[in-house]
Amino acid sequence: AQSVSQHNHHVILSEAASLELGCNYSYGGTVNLFWYVQYPGQHLQLLLKYFSGDPLVKGIKGFEAEFIKSKFSFNLRKPSVQWSDTAEYFCAVNGNYQLIWGAGTKLIIKP
Amino acid sequence: DVKVTQSSRYLVKRTGEKVFLECVQDMDHENMFWYRQDPGLGLRLIYFSYDVKMKEKGDIPEGYSVSREKKERFSLILESASTNQTSMYLCASRPTSGGASEQYFGPGTRLTVT
């Protein structure tokens with residue numbers, strides 16, 4: 001069955017710490033992968049996506065993600081987080097018509 | 001910029017009421033989606049539509065129906081609201097069914113059923 005697993009439901013970091021949020025997927029077809037972010041009180045927006053080519057993808061606000069096919073993973077990283085990165089982060093993989101979503105990771109950055 | 005709008009940000013309804021949630025997108029997108037978002041469960045797909053008058057059930061369609069009479073508008077209907085339908089409802093649209101195209105989301109409707 002198609003699925004997406006996000007390892008951590010809650011992450012708390014201090015400002016300037018490095019971030020890595022895990023995402024593993026299970027999907028048998030051609031893979032397109034997405035990270036979305038939802039800032040408090042705002043709508044979901046795309047952070048970055050992978051559909052082909054360079055497995056290291058750069059997104060907005062200094063985020064990047066690496067697609068590792070052998071590990072079925074698409075982990076999100078940021079070298080130095082800011083208080084404004086406090087948000088919920090969702091990983092998703094394409095299905096036939098729809099996206100298959102992970103449960104989300106709530107990230108809290110302590111100032 | 002793509003804009004997806006939802007008719008209400010907050011809604012309070014009574015058990016048994018019929019509830020209509022409206023979603024409009026302004027970019028001529030083919031695909032539209034309705035999700036519910038609950039803490040710890042991520043986004044769960046209720047229904048989607050890949051064209052006008054076409055609809056497909058998602059993962060949790062029970063208790064819901066949808067209508068897409070015009071390309072830009074996708075309505076979610078709760079036939080008889082129940083307290084377990086208290087949730088955040090998100091509408092999204094996408095240009096085509098292609099795997100690489102992203103979904104664009106509306107601001108959400110927080111529905112409380114009492």
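Structure shown above.
This structure is a prediction, so every number in the text was calculated from the model and none was measured. Numbering of residues begins from 1 in every chain and follows the order in which that chain's sequence is written. Throughout, the order in which chains and ligands are written sets their labels, letters from A for the former and numbers from 1 for the latter. pLDDT decides what is reported in this predicted model: residues at 70 or higher carry local features, side-chain atom pairs at 80 or more are listed and counted, and totals for whole chains, interfaces and linings draw on all residues regardless. Side-chain figures throughout are based on the complete set of non-hydrogen atoms in the structure, without hydrogens or water.

Undergrad: Any chance you could explain the overall build of chain A here in plain terms?
TA: Numbered from the N terminus, helices here are DSSP runs of H or I no shorter than four residues, and strands are runs of E no shorter than two. Across its full length, chain A carries 0 helices and 12 strands. Ordering the α and β elements of chain A from the N terminus gives β-β-β-β-β-β-β-β-β-β-β-β. The quantity called the radius of gyration is restricted to C-alpha atoms. Its globule counterpart is 2.2 Å times the number of residues to the power 0.38. For 111 residues, the compact-globule estimate of 2.2 N^0.38 gives 13 Å, and the C-alpha radius of gyration of chain A, at 13 Å, lies within 12% of that figure. The principal-axis extents of the C-alpha atoms in chain A amount to approximately 40 × 25 × 20 Å. By sequence separation, contacts in chain A at least 24 residues apart represent 54% of the contacts at least 6 residues apart. For the area figures, the Shrake-Rupley method with a 1.4 Å probe applies, and any residue is considered shielded solely by the protein chains shown. Total accessible area computed for chain A in this model is approximately 5,400 Å², and 53% of it derives from carbon and sulfur atoms. Placing the 9 positive and 7 negative side-chain charges of chain A at their respective mean positions leaves the two points 3 Å apart. Whether two residues touch is decided by their heavy atoms; if any such pair falls within 4.5 Å, the residues are in contact. In this charge count, Lys and Arg are treated as positive and Asp and Glu as negative; neither His nor the chain ends contribute. Working definition for charges: the position is that of NZ of Lys, CZ of Arg, CG of Asp or CD of Glu.

Undergrad: Before we go on, may I ask you to explain the interface of chain B and chain A in this structure?
TA: Where interface size is quoted, it is often the accessible area lost as the parts come together. Counting residues at the interface gives 23 residues for chain B and 20 residues for chain A. By definition, the buried area sums, over both parts, the 1.4 Å-probe accessible area that each loses when the two are put together. Here chain B and chain A share an interface that buries about 1,700 Å² over both sides, 55% of which is from carbon and sulfur atoms. Here, a salt bridge means any Lys or Arg side-chain nitrogen found within 4 Å of an Asp or Glu carboxyl oxygen. Along the contact surface separating chain B from chain A lie 0 salt bridges. Polar contact criterion, stated in full: a pair of N or O atoms within 3.5 Å, where within protein one must be able to donate a hydrogen and the other to accept it, and residues adjacent in sequence count only if both atoms are side-chain atoms. There are 4 residue pairs in polar contact (both at pLDDT 80 or more) connecting chain B and chain A. Looking at the side of chain B that touches chain A, the elements that each hand over two or more residues are strand 4 (31-38), strand 5 (42-49) and strand 9 (87-94) of chain B.

Undergrad: Sorry, what's going on with the pairing of strand 10 (residues 87-94) of chain A here?
TA: Looking down a regular strand, the side chains alternate between one sheet face and the other. Residue and element names in this part refer to chain A. Among the 8 residues that make up strand 10, 8 are buried, leaving the element largely enclosed by the rest of the structure. For the exposure calls, accessible area comes from a 1.4 Å probe over protein chains only, and a residue counts as buried if that area is under 20% of its type's maximum, exposed if over 50%, partly exposed in between. Every second residue of strand 10 is oriented toward a common face, with A87, Y89, C91 and V93 on one face and E88, F90, A92 and N94 on the other, all of them buried. Strand pairing is assigned whenever DSSP detects at least two bridges linking the two strands. In the sheet, strand 5 (residues 33-38) pairs with strand 10 via 6 bridges, with the strands oriented antiparallel. Residue L33 lies in a different strand from strand 10, and its bridge partner there is V93. For strand 10 and strand 12 (residues 105-110), the ladder comprises 3 bridges, and the chain directions are antiparallel. Pairing of E88 across the sheet is with K106, part of strand 12.

Undergrad: Is there a simple way to explain the sheet that holds strand 3 (residues 19-25) of chain B in this structure?
TA: Adjacent strands of a sheet pair through backbone hydrogen bonds, lying either parallel or antiparallel. All names here are of chain B. An order of 1-3-8-7 is seen for the 4 strands of this open sheet, with the pairing classed as antiparallel. In the strand order of this sheet, the two ends are held by strand 1 (4-6) and strand 7 (64-70), each with one partner. Within the sheet, the average angular offset between the axes of one strand and its neighbour, ignoring direction, is 20°. Two elements, strand 3 and strand 8 (residues 73-78), share 6 bridges in a ladder whose sense is antiparallel. From the neighbouring strand, V19 faces strand 8, where its bridge partner is L78. Fitted lines through C-alpha atoms serve as axes, helices being fitted only where they are in contact, and the angles separating the N-to-C directions of these axes extend from 0 to 180 degrees.

Undergrad: Just checking my understanding: could you explain the side chain of S65(B) for this structure?
TA: Residue and element names in this part refer to chain B. Topologically, S65 is positioned in strand 7. At a separation of 2.7 Å, a polar atom in the side chain of S65 contacts the side chain of E79. With residues up to four places along the chain from it excluded, the contact list for S65 reads Y47, S75, L76, I77 and E79.

Undergrad: Sorry, what's going on with the state of the cysteines here?
TA: Only a pair of cysteine sulfur atoms within 2.5 Å counts as a disulfide in this structure description. Scanning the model with the defined rule gives 2 disulfides over all chains in all. In this model, C23(A) is linked to C91(A) through a disulfide, with the two sulfur atoms separated by 1.9 Å. When the S-S torsion is -65°, as for the bridge of C23(A) with C91(A), the disulfide is left-handed. Of this pair, C23(A) sits in strand 4 (residues 23-26) while C91(A) is found in strand 10, placing the two residues 68 residues apart along the sequence. This pair shows no difference in class: C23(A) is buried, exactly as C91(A) is. Note that C23(B) is cross-linked by a disulfide to C91(B), the S-S spacing being 1.9 Å. For the disulfide bridge between C23(B) and C91(B), the dihedral angle about the S-S bond is near -75°, and by the sign convention the bridge is left-handed.

Undergrad: Help me out: how do you make sense of the side chain of H29(B) in this one?
TA: Following the sequence through the fold, H29(B) ends up in the loop between strand 3 and strand 4. The buried category is assigned to H29(B), whose relative accessible area is 4%.

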